[in-house]
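Read off the chains here:
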Amino acid sequence: MKLAVVGAGPAGARLALDAARDGARVVVFDPAHPREKPCGGGLTAKGLAEVPAGPAHDPLPARFVADCRLESGEGEAVRVSLDRPVAIVSRREFDAWLLRRAQDAGAEHRAERVVEVDGDGSLRTARGERMRFDAIVGADGANSLVRRAFLAPTPPERRFVAAGWYAPGDSEMVVRFLPGVAGYLWLFPRRDHVAIGVGAPLRRFATRELLARLEAEVERDFPRLAGVLSRYAHTIPSPSTDPASILELAGVRWALVGDAGALADPITGEGLYYALRSARVLADVLRETGSPAGYPARALADFGHELLASARLFDRFYAPGYARRMVRYAQRSPAIREVLGELVLGDQGYVGLRRRLLRALPRFLWDSAVARLRPAA
Ligand SMILES: Cc1cc2nc3c(=O)[nH]c(=O)nc-3n(C[C@H](O)[C@H](O)[C@H](O)COP(=O)(O)OP(=O)(O)OC[C@H]3O[C@@H](n4cnc5c(N)ncnc54)[C@H](O)[C@@H]3O)c2cc1C
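Trainee: Can you walk me through the pairing of strand β7 (residues 114-117) in this structure?
Mentor: Looking along a regular strand, one sees the side chains alternate between the two faces of the sheet. Strand direction decides the pairing type here: β7 and strand β8 (residues 122-125), joined by three bridges, are antiparallel. Paired with Glu-116 across the bridge in β8 is Arg-124. Linkage of β7 to β8, two consecutive antiparallel strands, is achieved through a turn of four residues, within which Gly-121 is found at a positive phi near 95 degrees.

Trainee: Please explain the side chain of Lys-37 as it appears in this structure.
Mentor: Position of Lys-37 relative to the elements: it lies in the loop between β2 (25-29) and β3 (42-43). Lacking a salt bridge, the buried Lys-37 has Asp-259 as its closest oppositely charged neighbour, with an N-O distance of 4.3 Å. Look past the residues within four positions of Lys-37 in its chain and what remains in contact with it is Arg-91, Tyr-166, His-234 and Asp-259.

Trainee: Help me understand the sheet that holds β7, please; the structure alone is not making it clear to me.
Mentor: The antiparallel open sheet is built from three strands, whose spatial order is β7-β8-β9. Each of the sheet's edge strands pairs with one partner strand only, and the pair in question is β7 and β9 (130-132). Each strand axis lies, on average, 25 degrees off the axis of its neighbour in the sheet, ignoring direction. With three bridges joining them, β8 and β9 adopt antiparallel strand pairing. Bridge pairing in β9 links Arg-124 to Arg-130.

Trainee: Could you clarify how one ought to interpret the sheet that holds strand β4 (residues 63-71) in this entry?
Mentor: In spatial order, the strands read β3-β5-β4-β12-β13-β14-β11-β15; together these eight strands make up an open sheet with mixed pairing. The open sheet has two edge strands, β3 and β15 (230-237), and neither has a second partner. Pairing of strand β13 (residues 184-189) with strand β14 (residues 194-201) involves six bridges; the strand directions are antiparallel. Its bridge partner being in β14, Trp-186 is matched across the sheet by Gly-197. Packed onto the sheet, helix α10 (residues 334-345) meets β4 and β5 (77-88) and runs at close to 35 degrees relative to β5.

Trainee: Sorry if this is basic, but what is going on with the packing of aromatic side chains here?
Mentor: In this description, a pair of aromatic rings is defined by centroid distance and the angle of the planes. In total, this model carries twelve aromatic pairs according to the counting rule given. With 4.5 Å between their ring centres and 0 degrees between their planes, Phe-150 and Trp-254 make a pair best called stacked. With Phe-150 in helix α4 (residues 145-150) and Trp-254 in strand β16 (residues 254-256), this pair connects stretches of sequence that are 104 residues apart. For Phe-150, a relative accessible area of 23% puts it in the partly exposed group. These aromatic residues form a ring-pair network of at least three members: Phe-177, Tyr-184, Trp-186, Phe-188, Phe-314, Phe-317, Tyr-318 and Tyr-322. When the ring centre of Phe-133 is taken as reference, the NZ or CZ atom of Lys-2 above it lies at 5.0 Å. The ring of Trp-97 carries the charged tip of Arg-101 above its face, separated from the ring centre by 4.9 Å.

Scoring rules and cut-offs
Residues numbered from 1 in each chain as written. Predicted model: local features only at pLDDT ≥ 70, side-chain atom pairs only at ≥ 80, totals over all residues. Heavy atoms only, no water. Pairing = 2+ DSSP bridges. Helix = DSSP H or I, 4+ residues; strand = E, 2+ residues; numbered from the N terminus. Buried < 20%, exposed > 50% of the residue type's maximum accessible area, 1.4 Å probe, protein only. Lys, Arg positive; Asp, Glu negative; His and termini not counted. Salt bridge = Lys/Arg side-chain N within 4 Å of Asp/Glu carboxyl O. Contact = heavy atoms within 4.5 Å. Axes fitted to C-alpha atoms, helices over the stretch in contact; angles between N-to-C directions. Phe/Tyr/Trp six-rings, centres within 6.5 Å; stacked < 30°, edge-to-face > 60°. Lys NZ or Arg CZ within 6 Å of the ring centre and 35° of its normal.

Rendered as structure tokens:
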């Protein structure tokens, strides 16, 4: 099979690696490497599990972090210990590392922009070269050209806007919910700097407004991180509550993975896991059937219901008082801190969350009673 992959971010590189290993002739197009893609770079444990193994001489370039401070944004905070670390990466380093894995497996990287794709498997590059493939995969990010050739662009009401800066220095990992903003700010420590950012629904806030809020919070509470190495802003597309927003992601000779397929978590903006996972699901379908046509149904069954559940939960999750209650309960109860740790790691999803909380309820009630008695004692 001759496969064109447009975009060498995590989705494109992971697909190129798997398809090349399966014996396909893979050409991956991306003119931008090496580059720092706007991103916090937080890889949950479930995301880390999708990262391929590397050779001993080229270890994964990441900072590993084993706890996270969660803040309600209204004064309460709780430190959540993770039973195994999450990774925080610089996208310049991580994406280049993944692309090396794809090249090691035999994929060819062409540093060229694709400017046109057609339903018959042909494409044109910015240099005017025309090529024909058995299938073309759009792994070209939030403003995907391949998506626009086959589907409508992801609409603004399905996009998070995220913006911030990279600062010199160090920090613990912090996630702070922002009252009045259906989103949060983050401090993610990397190997040699800190990624600082804020995200919220594009339809509700202008980037300028969000950045002003972030700057004020950082100046007040984390003044050592006010220095700027470089600034960034970009959108994160996600599915709607309708399964059709996932079932539309392929045809006979084309498919969309990662941000091009709008496969990020609407609540958290987590996209790295879904970029890697969607690529792996598509690679399996290509290996088994020789065509991408079966990929959307497989994607829905594999990880899609989790994304749809997140879209359904969004308003409840960001309702006034929710974050405050969550942090207060976690302060009082190790059982709730355990559930939050599982959420941060990605071990616990939205599907099954209610059942998991019900299981934690007896311990939560016990912890709460003990916490109430403790000051009296
Ligand atoms: C500010 C911000 C913070 C985020 N933080 C996190 C986080 O902490 N954790 C997390 O899990 N997710 C995070 N995300 C989401 C995450 O960055 C994306 O979901 C992820 O990068 C998607 O990977 P991808 O491979 O699909 O696309 P991308 O990483 O966007 O890669 C697309 C590639 O396609 C190339 N390309 C584009 N057009 C063409 C073309 N015409 N021809 C050839 N190549 C092309 C680009 O150069 C690019 O290299 C964040 C997003 C933003 C905006």
